[in-house]
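So the chains spell out like this:
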Amino acid sequence: MERTKADQNVNRLERLFMKQKLLAGLAALVAGFGPTALGQPDPIWENWGQVLVPSTAYPYAPQIDAITFYNHPGGNIQIYGTTLFETSDTLNYTNQGIMIGSPGFDFQTYPAEMGQGTMAANFANLANGANGGSISCDSTLFFGGFNNGNLNFFFGNLSGNSKIVVRATNVVNSGTLDLTGGSLLRIEGKNVDLSRGNLNMANTTSSQLFRTNFIFFGINLLFNAGILDGYWAAETATNAFNPAASFGGTVGITQQHWVTNRDYMMLSTSLFGQTPYMFDWGTVNSNRLVQAVFLYNTDPSFVNSVYFRSNEIAVQWQWTTPAWPDPGVNTNYFYLTDNFGEVTNIGVLIDGFINPQTPLFTIPTYRPENYRIFQGTPYNPTLPAATPGPLPNIFDNGDFTNQYTAYEALFSAGTQLPTDIAGGAYSNMQGRIEITADSSLDLNRTRISSLNYLRLEATNHFKGSQNARISTPYADYNLRATNGLLTVSNVIAPFVPHPAGPCLLYSARWTNVVNTTTNTTTNCFHVLVVESFLSPVTTPQIANLKLAVTNSPASAPRNLVINDVLNITTHMELAAERITIGQNDADGFTGAGELNLFTPDIVWPASTPGLLYLTNWGLIQMQNAVFFHGSYTDTNNVLRDTPYRAFVNHSNVVNQGSLIWSDYFENDGLIYAGQGSITLANCTRADLEGGVLNAPVGQVSIAAASLDAANSIIRASGSIELSLTNSVTDGGPAPISLFSSNQWTSGNGFSLYSKPALGDLLGTTLSSTAEAYAEPLVYWAGEDRGRSVAGYSNNCAIGRLLLDGGTYSAFRFIGTGASNALYVDYLELDDSITNRDAFGNFTGLDVDPNMKVYFADAVAGGRSIAEKLDGKNGGRLVWVNSYAGAYSSTNLLYPDGRTYTFNRALVQSCNLDSDNDGIANCSDATPVFVPSMLQFSISLTNLPAMDKLLSWQALGNSSNSLYYNSDIAGTNWLLLTNFVFGPNNGTATVLDTSSDSTRYYRLRMDPRVP
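This write-up is about the structure you can find in this document. (Residues numbered from 1 in each chain as written. Predicted model: local features only at pLDDT ≥ 70, side-chain atom pairs only at ≥ 80, totals over all residues. Heavy atoms only, no water.)

**Section: the packing of aromatic side chains**
A full pass over the atoms with the stated rule returns 45 aromatic pairs. Relative to F294, the ring of F247 has its centre 5.7 Å away and its plane inclined at 25°; by these criteria the two rings are stacked. Highlighted residues: F247 in helix α3 (residues 243-247) and F294 in strand β24 (residues 287-297), separated in sequence by 47 residues. When sorted by exposure, F247 lands in the same class as F294, which is buried. (Phe/Tyr/Trp six-rings, centres within 6.5 Å; stacked < 30°, edge-to-face > 60°. Helix = DSSP H or I, 4+ residues; strand = E, 2+ residues; numbered from the N terminus. Buried < 20%, exposed > 50% of the residue type's maximum accessible area, 1.4 Å probe, protein only.)

Structure representation (C-alpha cells):
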C-alpha cells in the first residue's frame, strides 16, 4: 500500500522519537534540543504538517540527523526552547512553509558527534504565496504548553541572543526571514542570492513607547526601542524657588537642577521654554489647579499642540515625512503626557539598559514615571488645543518650596547608542543583520529592514540591488565588482522615518495656601518646560565603506557609480578609476547620490586609490580640506601623485578647502570651501560656465592653459588669482548693459600673474573690497598698448571693475614685468577709494611706476569722473575715450538716420567739444564727427591741366590721411598726403595731379585726442 507524504513524515518522526527514548532519562532533565549521535544520517527529513514544540505531541524538539531538511509548502514548524534549533549532518536546507523559533535557528552543518559547525551546501527559503517561505525568530515572551501538568515558560532573550544563522555555499532567499528587535540575522555563503526576498527586523515597540511595566519575577520587561534615556531626576524633597522669577514672563527659565545621565554622572542644568500656554481650573472644592507649559522647538517641521486636562498635561508633535519608498507623504504623531502635578507619589522606573549584550555588565537607565510618550496617533482629535499667549500675572513673587522631575528623551531609530556598547562599535549592537558573500551577492529587489545595524560584504562580486528597499540606521558595507562597473543604488534608504535628537523635559509643582476669613484655598501649580531639538527623520550612517571595482584586462575602465546618499563616519575606501556621484531618474528615492564624510579623519586621496576621473551630479561633502588628485604605483611599487584626467562638478562640493589638480576641470555647480581656499592647479582647460566658486574666508586661485568662464560666480574673502597661458573667454557682455556674464567678488585684491595669448574678460564684473587701513595687492600682466582701443583686444581686459574701501585703504596696482597695464571698460570707485589729495590724485589707487590703469569710463557716486581721473596719479590713470564698450557706451541718433555708439563719458562731457563746432558735447545733438559728415567729394579741373580735386569737411586740429589705389579691391593702398588741419573746422582740399586714368581714394580723419 502506497504511503502518503504525510504518513511518511509521521513515520520518520516516530522513528526519530524512538531513538530519542534511548536518551529519555537525559531528555527528561534537559528542556533544550540539539544534535545527538544517532548513527548514519537519514537522506532526508521532510515535513508537510505541523510541528509545535513544546506540546503534548512534541514535548521536545525533534533530533534531526539528515542530509536534507525540507519543510514543504503547508508545513508549519514552531519550536520554543532555550537554545538555537540545530540539526545534524544536514547539507541542504529548503523551506517553503512556515518556521518559527525562539530563540531561533542555526542553519549550518553540524556533525552528529557534536563537532564544530561547518558551512552547509545549500540553503533555500523559497516564497510560496502569502503563507509560505517564512522563517521567524521570536524573541518576545512566550507562554508554552504543559508537561506532566506543569506550566512551562519559555523566554525570548532580550539581550540579543535570539537569532537566525545561515551558513551555506549557496544561499537563496525569495521568502521572508522575520526577526524581532533583539535578534541577530547572520547569512554567510559563497553565492548568496537574496533577490526578491524580505529580511525584516521589527521594532519591539508598541504604539505606547513607554508601556506599562510588566513585572514578572521582579523583572521589568520593557520595550522602548526608539527612545532612550539621556538623563533623569525625580526630586520629591522641597527646594526653594521664586515662581514669578522663573515663569512670570513670556518665557520660562527653570531653576538649576541636578540630573543623572546614562553615564551615571551628576550634572546641573537649566531649561528654557519660549512659547507659553496656561489653563486655570479655578476653585473646585476650595482647591485650585493651575497648569502651564513653556515650549521651545528648534525645527519648524514639527507642529506642536498643547492640551490641558484635569489629570495631566499633554504636548503633541505632528510632522510629515516622504512615504519612502512609495510616493506621497505620511503624517506622523507622537505625544507626551505629564501628570506630575496631579498625582501624589512620583519616582523613577527602569526604562532600558546599557550594554545589554553583556549581562554581567548590563546597566539600567531610568525615566520619571510621570512622563509617558506615545506615537502613531494624535493625542485626542476631539479635544481643542490650547492657545499660546502671554500668561496672566498668576505666579506669586516670593519664596516657595517645589518638587521637580527632569528627563532627557533621546530619540533614535535604533534601540541602542553605539556609545552604550562595549568597544563603542556599531557591529556589536543587538538588532543587527550581517550578510557575507565570498563569491557573489545578489540584492536585486531585496527588502531589508534592520533595526540597528546592517553589514553587507560581497568581497568578490556584487551583482547589484536594482529596486531594492534597504533601511538601517547604522551599517558597514564592503562591496566589490569584477566586471568593471559597480553601481551603488538602493543599498540604503536616504532616511529612517523616525525622529532623531534630544527632547528635554522639566516639571515643577508647588502649592500656595491662602487663608481668608471664610475658607482656606490650596492653590496647586504644575509647570512643564519642554526643549525640543528633534529632527523629523534619522540620518543613516555607514561606519566603514569599502567599494572596489576590478576588470579584466586590468587596462579596461573601472567605473564606480554612487546613486545613494552615503553618510560615512569612520573609514572609506573607493577603489576605482572613474567615480560618478550619479543623478537619479524622476522616480528615484533621491534626486542624486551623495557622499557625506562625517569625520575629518578620512583623507580623500588615500581613500580613492587609482582615481583619475571624478564626476559629481549630487553632493560631495567633507569635514576637512581636500586635495583632489590621482595616484598611481610606479615600477618600484611606490605610490605617486598624478593629476586627474577630469574633475567635473555639476552640483555641490562642500568642504573646508579644495586643491584640485586635474587636466580638465569643469564646474557648473557649487564648490564651497568653508574655512579654506579653492585652488585649481595646472589645468589644461578650466571650464567655469554657470558654476560657483565660494571661499567665504579664503582665496580662489586658477592656474590653467585655457579658461572658459561664462555666467560664473566667484566669491572669495581673500584674493582672486589667475595664471593663464593660452586663452580666456567669458562669452562677452550680456545683452543688458548693466549686467555681466561673470560676477566675481574678492575681499583682498585680485591678480593676473600671466596673460593668455588670446581673450578678454569684457563680460565680467570684478568687485573687490579693502578693509580699513588695508592695501590689497593687484598684480597684473596685461600689455601696455597706450591710450588705444587696441588695449581692449586679447589683453585680458575687464568689463566692470568695482573698488570699495574702508578708512585709509588703497588698492596697489603692480606690473608683473617692466611695463604692464590693466584695461577696464567700466571702473567704479566707492567710499574711501574716491578720496583725493590737494593735487587731485586719488589716494585709494596706488599705481606703481611699471603699471598703468586704463578705463573707458569711471564712476563715483553714480556720476562719471573719467575726466577728473584722467592723467592723475603720475599719469598712470588714463582715460580711453575712443573706446565704447558694453558698459561705457551710449547710442545717439544722427540726422542721417543712423544710430552711432560712442563713449558715454565723452558725449556727456560739458568740458569737451569733440567736433570743434563751439558747442560742448553735453549740449550738442551731434557731439562726435561721424563719416557721413565728411562730405567727401571728387571733381575734375582743367586748369592748368586735367587734375583731380578732392575735398571734405575737416575738424580743427584733426589728422587727415588720403590714400589711393588703382584697384578698389586691392590691399596695397598708397599714401597720397597727410596733414593736420588748422585750428578751426573747415573744408580741406587736395589736388591730385597724377596722370593715372583710374584711381580710387580712401580718407582717414582722426580727431584730436583731448
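Continuing now.
**Some thoughts on the sheet that holds strand β36 (residues 469-471)**
In space, the eight strands of this open sheet follow the order β2-β4-β6-β9-β13-β15-β33-β36, with parallel pairing throughout. The open sheet has two edge strands with one neighbour each: β2 (50-53) and β36. When the angles between neighbouring strand axes are averaged without regard to direction, this sheet yields 10°. As judged from the three bridges shared by strand β33 (residues 447-449) and β36, these two strands associate in the parallel manner. Among the inter-strand pairings, S449 is bridged to a residue of β36, identified as S471. (Pairing = 2+ DSSP bridges. Axes fitted to C-alpha atoms, helices over the stretch in contact; angles between N-to-C directions.)

**Some points on the nonpolar core**
Ranked by size, the top nonpolar core spans 142 residues in total, and within it I435, L595, W604 and F813 carry the most contacts. By residue number, the principal contributor to this core is strand β68 (residues 851-860), which donates five residues. Setting aside chain neighbours within four positions, we find W604 in contact with M572, L595, L597, L611, L614, M622, V626, F627, F628 and Y644. Membership of the second largest hydrophobic core comes to 24 residues, among which are Y277, W317, I373 and L505. (Core = buried A, V, L, I, M, F, W, Y, C linked by side-chain atoms within 4.5 Å. Contact = heavy atoms within 4.5 Å.)

**Some points on the pattern of salt bridges**
One pass over the structure, following the stated rule, counts 17 salt bridges. Salt-bridge contacts for R288 lead to D280; the nearest nitrogen and oxygen are separated by 2.4 Å. Owing to a relative accessible area of 27%, R288 belongs among the partly exposed residues under this scheme. Connected via shared salt-bridge partners are R186, R432, E434, R455 and E457. (Salt bridge = Lys/Arg side-chain N within 4 Å of Asp/Glu carboxyl O.)

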